[in-house]
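Single-letter residue listing:
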Amino acid sequence: MNELIAPTLPYDMMPRARAAIADVHLQQFVGRATHLKDEQRKSVFGADFGHDDYELLRSVAATTKQQALDQLDVLLEQFIERAQAHGSIVHAAVDAAQACAIALSIAAQHEAKYAVKATRCVKSKSMLTEEIGLVDALTRAGIETVETDLGEFILQIDNDAPSHIVTPMIHKDRAAAARSFVRVLGSRYTEDPEELTAIARAHMRGLYRHAHIGVSGANFLLAEEGTAVICTNEGNFDLSVGGPPVHIMFVGIEKLLRGARDLAPFLKLLARSGTGQPLTVYTSFVNGPRRAGESNGPKELHIVLVDAGRTGILGSSKRELLRCIRCGACLNACPVYRKVGGHSYGSVYSGPIGAVLTPELNRGAARAEGLANYPDLPRASSLCGACLEACPVKIDIPKFLLHARAELRTRTLSPASESRALRLWRWLAQRPMLFRLAIRASRLHARMLGQNDGRHAWISNAPGPAAGWTQSRDLGIASAQPFRAWFVQHAAERDAPPKEAAR
Ligand code: SF4
């Protein structure tokens, strides 16, 4: 699992991507599921809002989140003050190591206070805890930690890692889950989703009853109220916060909003963008630990506010990236993600947002090395713009991919062959006559190498540097009529006087 989350350097995406493209099952599962979710997203927004209202909602959400980021220091102070007034214990962690150390120290205090011998922990789904490697840290310290989200639980017993922000086991099917349950839980083989859920539920209920610590993330923090908002579909968060005496919530500092008055657009957008649901099944508001007279809820609620590279992004021209609400829509819409799946990206955050966010989160104090560790990520995109179109908070991911590609070149992190090719292109593009000749020659050459079915022309086995392209797909051949000729012809047709008038 570690290998997938923290790739050993030098980082190389290609072997993972090649393996993913060769894996027919992965192609089917990921391709089908992402296509379906993307279609559901379009259809639910179309049905519930219509195009103009949807665009307005996105603009409101983007502006609201951006304004919250622009005053993050003030909102953080306000949130901490209100959360403490509710009885929550708030911690600040500058990096992953500190966040994990805080969790271990809370566990140690709990063990000492209640004479607990072997601490057990139930955890609900949280991308941030994946990012900081929390489960590994707890497990190394002897704390038995169980994932309670069904998909995450199956991945945990398979020693696998999530490959999608919202649908962690998108790369597996029900048969794989059924086999894992037989192997680990000793249950009978079934592929029926309801039966599989019932098996997991029966197993989990006992764990909740005996757990000492619950762990979760949060989707939003409301500064004015000191409240954490958690959106889930399975209800496992509510059990992990309601049962164990201690709850630890890990939240990235970018999750702050001004208050409940700003929340509605995000609730409308989050589930619709991710899964096509009008709302997540559960939207929980946590306002501190159990109060006197209440029958459930944790006796201690710890909120760990995690930086881990976020203030670096906040102080840069890439602040907009922190608007991300982790809905997963850009992954579902991305033609590259659909082909290679999440593990190919070699980081917790995959897909288009992962390609731009991962190097930024990993720049470290010097804010220099991030991209050098992930040089393949900016190229893991066709720059088609589907991610921007799908993003509910209008993050201009293609723009940041281009910035990252430019940085690769200025820091000489891109292959020398790429720079040579671009230099040649620039030289040629400045000489129109030669450029036209070269294009004509390459078109002729491509037609000699390619096939033609009367409507389309393509090359299945390209020679030289283009061979890599045709290893897993065909290379389309440009139409016989050059664009310039097409343009001149159509401009002439457009400008011609109507036939009636000409007579
Ligand atoms: S970048 Fe936008 S679409 Fe992608 S996960 Fe974040 S909010 Fe969703």
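Rules used throughout
- Residues numbered from 1 in each chain as written.
- Predicted model: local features only at pLDDT ≥ 70, side-chain atom pairs only at ≥ 80, totals over all residues.
- Heavy atoms only, no water.
- Helix = DSSP H or I, 4+ residues; strand = E, 2+ residues; numbered from the N terminus.
- Rg over C-alpha atoms; globule rule 2.2 N^0.38 Å.
- Buried < 20%, exposed > 50% of the residue type's maximum accessible area, 1.4 Å probe, protein only.
- Contact = heavy atoms within 4.5 Å.
- Areas by Shrake-Rupley, 256 points an atom, 1.4 Å probe, with all protein chains shown as cover.
- Salt bridge = Lys/Arg side-chain N within 4 Å of Asp/Glu carboxyl O.
- Pairing = 2+ DSSP bridges.
- Axes fitted to C-alpha atoms, helices over the stretch in contact; angles between N-to-C directions.
- Phe/Tyr/Trp six-rings, centres within 6.5 Å; stacked < 30°, edge-to-face > 60°.
- Lys NZ or Arg CZ within 6 Å of the ring centre and 35° of its normal.
- 1 Å grid on protein atoms, 1.4 Å probe; cavity = no way out; pocket = protein on both sides within 12 Å on 5 of 7 lines; lining within 4 Å.
- Points joined across faces, edges and corners; volume = space filled by probe spheres on them.
- Nonpolar A, V, L, I, M, F, W, Y, C, P; charged D, E, K, R; others polar.
- Polar contact = N/O pair within 3.5 Å; in protein donor to acceptor, adjacent residues only side chain to side chain.

Observations concerning the overall build of the protein chain
Thinking step 1. Scanning the protein chain from terminus to terminus reveals 24 helices and 13 strands.
Thinking step 2. Its C-alpha atoms give the protein chain a radius of gyration of 26 Å, near enough to 23 Å, the size a compact globule of 503 residues would have.
Thinking step 3. Here the C-alpha coordinates of the protein chain stretch approximately 90 × 50 × 50 Å along the principal axes.
Thinking step 4. In the protein chain, which comprises 503 residues, the share counted as buried stands at 48%.
Thinking step 5. Intrachain contacts of the protein chain at a sequence separation of at least 6 include 72% that bridge at least 24 residues.
Thinking step 6. In the form shown here, the protein chain has an accessible surface area of approximately 24,400 Å², with 57% of it arising from carbon and sulfur atoms.

Description of the pattern of salt bridges
Thinking step 1. Summed over the entire model, instances satisfying the criterion amount to 28 salt bridges.
Thinking step 2. As a salt-bridge pair, D38 and K42 come within 3.4 Å of each other at their nearest N and O atoms. Pair noted here: D38 and K42 are both in helix α3 (residues 24-48), with a separation of four residues, about one helical turn.
Thinking step 3. Overall, the relative accessible area of 4% leaves D38 in the buried class.
Thinking step 4. Judged by relative accessible area, which is 42%, K42 ranks as partly exposed.
Thinking step 5. The shortest N-O distance in the salt bridge between E39 and K42 comes to 3.8 Å. You can see E39 and its partner K42 sitting in helix α3, three residues apart, about one turn around the helix.
Thinking step 6. Its relative accessible area of 37% is what places E39 among the partly exposed residues.
Thinking step 7. Bridged by salt links that share partners, the residues D38, E39, R41, K42 and R338 form one connected network.

Some remarks on the sheet that holds strand β3 (residues 144-147)
Thinking step 1. On the basis of which strands lie adjacent, the open sheet formed by six strands has the order β1-β10-β7-β4-β2-β3 and parallel pairing. Every interior strand has two partners, whereas the edge strands, β1 (89-93) and β3, have only one. For this sheet the average axis-to-axis angle between neighbouring strands, irrespective of direction, equals 20°.
Thinking step 2. Pairing between strand β2 (residues 120-123) and β3: four bridges, direction parallel. Paired with V122 across the strands is V146, a residue of β3.

Quick notes on the packing of aromatic side chains
Thinking step 1. The final tally for this structure, using the stated rule, is eight aromatic pairs.
Thinking step 2. Measuring from ring centre to ring centre gives 5.8 Å for F483 and W486, while their planes differ by 20°; the resulting arrangement is stacked. Linking F483 with W486, this pair stays in helix α23 (residues 483-495), spanning three residues, or about one helical turn.
Thinking step 3. Classification of F483 as exposed rests on a relative accessible area of 59%.
Thinking step 4. Taken together through their ring pairs, the aromatic side chains of F45, F49 and Y54 make up a single cluster.
Thinking step 5. Taking NZ or CZ as reference, R326 lies 4.6 Å from the ring centre of Y349, over its face.

Describing the layout of surface pockets
Thinking step 1. Of the voids in this model, the largest pocket is the one considered here, and its volume is about 2,200 Å³.
Thinking step 2. Forming the boundary of the largest pocket are 49 residues, of which P465, A466, G468, W469 and R473 lie nearest the centre.
Thinking step 3. Elements supplying a minimum of two residues to the lining of the largest pocket: α2 (14-22), α16 (335-340), α20 (397-410), α21 (416-429) and α22 (432-449).
Thinking step 4. A per-class count over the lining of the largest pocket returns 31 nonpolar, nine polar and nine charged.

A short note on the side chain of E254
Thinking step 1. One can find E254 in the loop between β7 (246-252) and β8 (256-257).
Thinking step 2. One polar contact links E254 to R326, side chain to side chain, over a distance of 3.3 Å.

Overview of the sheet that holds strand β13 (residues 475-476)
Thinking step 1. In space, the three strands of this open sheet follow the order β11-β12-β13, with antiparallel pairing throughout. Looking along the sheet, the strands with just one partner apiece sit at the ends: β11 (451-452) and β13.
Thinking step 2. Looking at chain direction, strand β12 (residues 457-459) and β13 are connected through two bridges and run antiparallel. Bridge pairing in β13 places I459 opposite L475.

Scope: geometric values only; no functional claims are made or implied.
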